[in-house]
Each structure stands twice: as structure tokens, then as C-alpha cells.
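Breakdown of the fold
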2 protein chains.
Amino acid sequence: MARLTIRDIARMSGLSKSTVSLVLNNSPRVDPATRERVLELMRQHNYVPNYAATALARGNTRLIGMIVPGLTWRLVAAINYGVASVVEGSEYEIILYTSTNDRNYDRVIERILASKLSAGLLVVTHNQPLEPLEKLHRDGLPVVLVDTLATHADLPAIVTDNYGGAHAAVRHLLELGHRRIACVEGLMEYPCCQERTRGYTDALAEAGISHRPELVQAGGFSAETVADSTRALLSLPKRRRPTAVFAHSDITAYAVMETVEDSGLKVPDDISVVGFDDLASSEHVRPALTTVRQPFEEMGRQAAELLFATIEGGPGETEASRQPPRLSLPTSLIVRDSTSTVA
Amino acid sequence: MARLTIRDIARMSGLSKSTVSLVLNNSPRVDPATRERVLELMRQHNYVPNYAATALARGNTRLIGMIVPGLTWRLVAAINYGVASVVEGSEYEIILYTSTNDRNYDRVIERILASKLSAGLLVVTHNQPLEPLEKLHRDGLPVVLVDTLATHADLPAIVTDNYGGAHAAVRHLLELGHRRIACVEGLMEYPCCQERTRGYTDALAEAGISHRPELVQAGGFSAETVADSTRALLSLPKRRRPTAVFAHSDITAYAVMETVEDSGLKVPDDISVVGFDDLASSEHVRPALTTVRQPFEEMGRQAAELLFATIEGGPGETEASRQPPRLSLPTSLIVRDSTSTVA
DNA sequence: CTGTTAGCGCATTCAT
DNA sequence: ATGAATGCGCTAACAG
């Protein structure tokens, strides 16, 4: 597999390297006939330009980095798919930075990304400090956040309407006649979770229901904490006990449902449950979970397109680019079997 | 962010480029004192060698390609995690090739991978033709298959014991007293599915149960086909109707369970169901699914390590390497609530 | 429209 | 132990 170089093609075609290079780069200023001849030659000999050489000469690569935290793979699959669907139509490739533990996050940022390996960066759902990313962005590396709701960050981002989603979920419960609606929260360091609680609180307030702190429980990401919280809710005296639970995530909702059933109550007959995310499995859980769907795939697509736009747009220190675009995609309520009218 | 080059470091340290280069490559023939001085300088100025330049000069990159088919993301998450956990301890990065549709598979193989972008290739669960991969491998690009049970392929692979897993699943049902055990198959083009049917058939035969073709149904990957197959099974006269179903995958099992319940029967009371894979969601499905666990994460780890070994091992046309290593990882039966003794 | 000439940043001989 | 020279394969002015 003696690799062919551009020089070989040049010799074979009787042209010079530069002309061949022009062909490679689709330059209009090359004779269509010779152009076709060269292309044919390449095809015949299975010539492929050396990536490293191209990158070096150009001064930039055609790779985009994608940072995804290890723990959120279940959400990330769909995002990835969306990203991939637009990337594969381009000349770019994805290079994947997964940090399975948090410690090497800094290494990833400081060392690898500084090596000019990627032309842009997609950062998926994470709660690491954003300062390093902002610095990179200021230094000219396009960065797009995906599902990282960092309100204070000075970075372009694709997010979903967490507030609206939560609000709609609670509205749904209210319309079913529920009045005592609990909330089992996720990690409140995440702005998205803060938004969800805000949506919950506001929806209740708008319905004229006064806030009851005892109905808002910490959940976190651990099934045990969620179980504890759920038991705390169930142990309330009957007339103060919630008839419905809004969970900050589908995973949380699963744990809530399991705890409810373990304690001899039925979902949705005794307690309705709404989740958030619409993971693929939520359709198969029994009862099938009513939940707020996040358009993950679409988010991935939009994020990739935004990133490409920024990359192609050049340094673009225009007035418009100083205000980083922040696209919020709508969520939708998927009503299934885990919610019903209040008994 | 005017990027520093090796030349800058050389100037600052009063040395020549080549000496600095020697430091970068951990050459023993450089004075420990100067070596430390140079390293310190690099640290201070946040110098990182240009990846493309290094790759070009060396003639090889420190990237490993990972081909994953778009449709199997749910399985792939855990594999990825395993791969990432070993890659992040190395100097390599992952570059992700996802083909969301099958058409560009050839393009991926022929063009991108031939561009010397990756030092090795990890190919995850796919059913594309393997010839191109074999060719690449012969041409010196290390390739490792993950969960692609291609019995006839001349490539190193990490697989799981599909036969043994299926066998164990059916044994489990037999021990519960079931005699009429159906099988809802996956895509039979996949060798792994062929193995699963073989395990099913053999386990029955060993128990002295004669093969009943009507109990083996096509499932494929579509929920509707599975539903059809399940209804066909349920519509058998009561004394020929199966009391248990072995499904080729968890997803298939979900659809089987739903169809069973739609028709008014109960899992596991009327019909026991066993899946294959142990997706994360199988724990949350109701009834929680009894299934055969594949050690996805471990597969990813092993695959990455095998790939590294081959890369570092050089061209290695030894006698041992002519016989491509084929590691089969054991599966384990996870008993949950979807199986019970026969009524 | 096409060829000439210089690099891109680094690794790697060969000298010293 | 360190420096000078050369080339990896390609792009990008600048000429013609």
C-alpha cells in the first residue's frame, strides 16, 4: 500500500502539483477537461489526500471536537445521532472527547484542544466550569454548547425550553384535577433543573395554589435518594399527601414509580407521575410514562449547523456575533399512561 | 492566541529546534537539566505541539477511528464508555464515524479511512460487508471488530458468547418447568442471531424436546413484525401455545410483552419472557425483564486494549498474528420478574 | 488556465 | 549533548 501523493498524480497527469491541488480544492480556475482527467486518475488509483499534510498546510483541520461527559450517555445517544447526521454530509469528522472521570477534564481542555486538532467544539450536557471554554472561544475556537443551560456563559448554545416543559407538565396535572402536586428535583447545580422547578412553581402559582415546601423534594441522580424522597412524600398524612408527582427526569420518574408501587399504591390510580426527557425506554416502562419530550436529535442537528456556520463564518467579530446566539427548542408533552384524573 | 511553535521554544531556551524536539520525544540523549528547563518553559507558555505537523512528520497519527452504525446507539453507549475509559489513559483520541444511513458506508471506508487519519480502527456491531475492512487490515491498518460476530472474517474481534447466553436463557425456562418455549428472532443476517437460535435449539434438544418450527418466529428489528409474530404464537390452540418466549433482544422482548398484555394475558403468569442484552431500561420495564446480560463496557475496554496492542506491536506479521485473536466474553443471566414457573 | 516557489511545524538523519 | 540540513504532503501566493 505504497501511498500515492499529490506528486504522483501530478507526474501521471503531466501536470504540476499545484494544479492538482487546485483540482482537489475545487478551484474554478482550472480547465474542466484537465480537471476531469485528474479526478479520473485519482479515482483509478484510489488516491486520497493525506489529512495531516492538508491540515498542516491549511493551518486548520476539518475535525470538530465533541465533549461529552461519561455519565450522560443515555441522553447523549440521540444528540450524537443528530450531530452525526449533519456532519456526515460535510467534509468534517467528529473527534470524541469523553471524560469518564472528572479529573481529566482540565487536561482535555488545556492540552488536547489547544493542539489545533479541532476546528470547532461541541460541548454536550455537562456541568464542568465553563471558563476554559469561554477562553478558547474568545481565542477564536468556535464553541457551541448543547443542552448546557448556562445562563451566564458568553457562549452560543442550543437548549430546550426547560421552563416551558415543566410548566406544561404541571398544567397537564392541574387539568386532570390534581391540586397537591409534588416535585422531585434533579441536581440543582444544573441550571436546567432550576428552570424546571421554576416552571413547576409558576404553574402552581398561576393556578392559585400556594407553594408547599414539603412537596418539593431533592432527588439528585441516585435512585436511592429519589426513593427516600418519594417515601417522604408518601408518608405525609393522607390529606396533605400529593396525588401527583412531577419528576425532573425520566430516570427519576422510574424510581418514583417503583417506590410508589413498592409501597402498595398504584400509578396512576393513586398517584400520577410525569417525567422529563422522553428517553426511548419511557415508552416501554409500565405504565408507559407521561413525560416532556426533549428534541435531542434536533438539538444535535441545530448545534452542528450552528457550529459550522460559525466556523465557515470566519473569525466574525461582527456586532451580531458578540451577542452569542442562544436557540431554545420547544419541548412537547407526551401523554401516556402514568397520569390520570385525580381520584 | 498566536500559537507557539517549536521554534519559539527553541529561541527562548537558546537551543535549536531539534533539541527541543528530542525533549518532546523523551529522548534519553539530552541533558536532564536542559530537558527540565525546556519542559518548564513549555508549561509556562502553555505550548502544545501541533498535531498535524507531528502526524505528518511521523507518518502516523495518534487517532483511532471508531465506526458505529447509526441504528444501534442504544447498545453502543456502554461500549463507547468502555473504549473511552482506556483511550483516555493513552495519548490517543477517538474519531467517530457514524453512518446514519448505509449508503455512505463505502465512502467512509474507502475515502476517509484511507486518508491515514487513524492509526487503527474499532468497528462496532454492524452488518456491512467486511471485505473492505479485511483489505485495510491486510494493508497494515489494525482493525478490531466489536460485537460483530463474523465467523468467517479474518479479523481480530471481541464478541460475546451468544450461543451460551441463549442456551442459559432457555435452560432457565426449562428449569421453571416450561416445555413449549418459543423463540422470536432478530435479524437473521446477523451471525449473533444465528448463534442465539442455535443456543435455543440445542438447549431444547438436550432436554429431549423435539423442535417445533411453529414456535420459531421472525422478529426483525421492527416492533410491528414482533407484534405479528407474537400474535401468531398466541393464536395457536391452547395446548400448543407456548408458555414462554425467548426473544433475541431486549427491544424485541419489550414488544413481545406489550403484545401479550394487549391480548389480555399476563407476563409472567401466562407467559414468561426472556430477553437478550440487558439494556439499562430493562430494569425499569414492568415486569422487570429477565434477560441475558452482555458485558458491553468490558467489551469496549478489551477491544481498545487489543487494538492498542496491535498498533504498538507494529506490523507484526508473526505466526501468532496470522491467527487473529477472537475473544469471546461470557454473558450472564439476570433473573428478574418476567419469568416464573409454568402455571 | 497552469507552473514556480515557499513555506506549514515537526522529526530525523548526519555532523560536530 | 547539541546544531544544521532535509523532507513529510499539501496549500497558497505569485508569476507567466
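Given the structure is predicted, the values throughout are model-derived calculations rather than measurements.

In the numbering used here, UniProt assigns the "domain: HTH lacI-type" (unreviewed entry) feature to residues 4–58 of chain A. Between the end C-alpha atoms of residues 4–58 of chain A the distance is 20 Å, and the span holds 69% helix and 0% strand.

Around DNA strand D, the surrounding shell holds 25 residues, and the nearest of these are Ile6, Lys17, Ser21 and Tyr47 of chain A together with Ser16 of chain B. Each atom of DNA strand D within 4 Å of the protein was classed as base or backbone; sugar and phosphate made up 64%. In this structure, a base nitrogen belonging to DNA strand D sits 2.6 Å away from a side-chain N or O atom of Lys17 of chain A. A distance of 2.9 Å separates a phosphate oxygen of DNA strand D from a polar atom in the side chain of Thr19 of chain B. Elements with a minimum of two residues in the surface near DNA strand D: helix H2 (17–24) and helix H4 (51–58) of chain A together with helix H2 (17–24) and helix H4 (51–58) of chain B. The leading source of residues in the surface near DNA strand D is H2 of chain A, at 4 residues. For the surface near DNA strand D, the residue count by class is 10 nonpolar, 11 polar and 4 charged.

For the rest of this paragraph, the subject is the protein's contact with DNA strand C. Taken together, 26 residues surround DNA strand C, and among them Ser18 and Thr19 of chain A together with Ile6, Ser21 and Tyr47 of chain B come closest. One of the side-chain nitrogen or oxygen atoms of Lys17 of chain B is found 3.0 Å away from a base nitrogen of DNA strand C. Between DNA strand C and Asn50 of chain B there is a distance of 3.0 Å, counted from a phosphate oxygen to a backbone nitrogen or oxygen. For the surface near DNA strand C, the leading source of residues is H2 of chain B, giving 4 residues. The residue makeup of the surface near DNA strand C, split by class, is 11 nonpolar, 11 polar and 4 charged.

So, about the sheet that holds strand S10 (residues 290–293) of chain B. Residues and elements named next belong to chain B. Read from one edge of the open sheet, 6 strands run S7-S6-S8-S9-S10-S12, paired in mixed fashion. Of all strands in the sheet, those with a lone pairing partner are strand S7 (216–217) and strand S12 (332–334), marking the two edges. By the bridge criterion, 4 bridges tie strand S9 (residues 272–277) to S10 in an arrangement that is parallel. Its bridge partner lying in S10, Phe276 is registered against Val292. This element, helix H11 (residues 250–262), spans strand S6 (181–184), strand S8 (244–247), S9 and S10 of the sheet and lies at about 155 degrees to S9.

Here the focus is helix H10 (residues 223–234) of chain A. All names here are of chain A. Compared with the 16 Å implied by 1.5 Å per residue over 12 residues, the 16 Å span of H10 between its first and last C-alpha is a close match. Here H10 has its buried residues at Val226, Ala227, Ser229, Thr230, Leu233 and Leu234. Down the axis, H10 shows its buried residues gathered within 165 degrees of arc, on one side only. Residues of H10 that are buried make contact with strand S6 (181–184), strand S7 (216–217), strand S8 (244–247) and helix H11 (250–262).

Taken as a whole, this structure holds 0 disulfides over all chains when the rule is applied. Cysteine Cys193 of chain A remains unbridged, with the sulfur of Cys192 of chain A as its closest cysteine sulfur at 4.1 Å. With a relative accessible area of 5%, Cys193 of chain A lands in the buried category. No disulfide involves Cys183 of chain B; its nearest neighbouring cysteine sulfur is the one of Cys193 of chain B, lying 9.2 Å away.

Residue and element names in this part refer to chain A. On the basis of which strands lie adjacent, the open sheet formed by 6 strands has the order S7-S6-S8-S9-S10-S12 and mixed pairing. In this open sheet, the two edge strands, each paired with only one partner strand, are S7 and strand S12 (332–334). Strand direction decides the pairing type here: S6 and S8, joined by 4 bridges, are parallel. Bridging from a neighbouring strand, Ala182 pairs with Val245 of S8. Where helix H8 (residues 162–175) meets the sheet, it contacts S6, S8, strand S9 (272–277), strand S10 (290–293) and S12, and its direction lies at approximately 165 degrees from that of S9.

Let us look at the pairing of strand S1 (residues 63–69) of chain B. Residue and element names in this part refer to chain B. Counting buried residues in S1 gives 7 out of 7 residues, a clear majority hidden from the surface. Taking every second residue as pointing to the same face, both faces of S1 are buried, with Leu63, Gly65, Ile67 and Pro69 on one and Ile64, Met66 and Val68 on the other. With 7 bridges connecting them, S1 and strand S2 (residues 93–99) associate as parallel partners. Across the sheet, the residue bridging to Met66 is Leu96, located in S2. Pairing of S1 with strand S3 (residues 120–124) involves 4 bridges; the strand directions are parallel.

All names here are of chain B. Running from N to C, H2 and helix H3 (residues 32–45) point in directions that differ by 85 degrees, and their axes come no closer than 10 Å. Our classification of the angle between H2 and H3 gives roughly perpendicular. Listed contacts from H3 to Val20, Val23 and Leu24 of H2 are Arg35, Val38, Leu39 and Met42. For the contact of H2 with H3, the residue count by class is 6 nonpolar, no polar and 1 charged.

Definitions and cut-offs
- Residues numbered from 1 in each chain as written.
- Chains lettered and ligands numbered in written order.
- Predicted model: local features only at pLDDT ≥ 70, side-chain atom pairs only at ≥ 80, totals over all residues.
- Heavy atoms only, no water.
- UniProt positions renumbered as here; feature names shortened; annotations may be inferred.
- Helix = DSSP H or I, 4+ residues; strand = E, 2+ residues; numbered from the N terminus.
- Near = heavy atom within 4 Å.
- Polar contact = N/O pair within 3.5 Å; in protein donor to acceptor, adjacent residues only side chain to side chain.
- Nonpolar A, V, L, I, M, F, W, Y, C, P; charged D, E, K, R; others polar.
- Pairing = 2+ DSSP bridges.
- Contact = heavy atoms within 4.5 Å.
- Axes fitted to C-alpha atoms, helices over the stretch in contact; angles between N-to-C directions.
- Expected span 1.5 Å × (residues − 1).
- Buried < 20%, exposed > 50% of the residue type's maximum accessible area, 1.4 Å probe, protein only.
- Arc of directions from axis to C-beta.
- Disulfide = S-S within 2.5 Å.
- Parallel < 35°, antiparallel > 145°, perpendicular 65-115°, else oblique.

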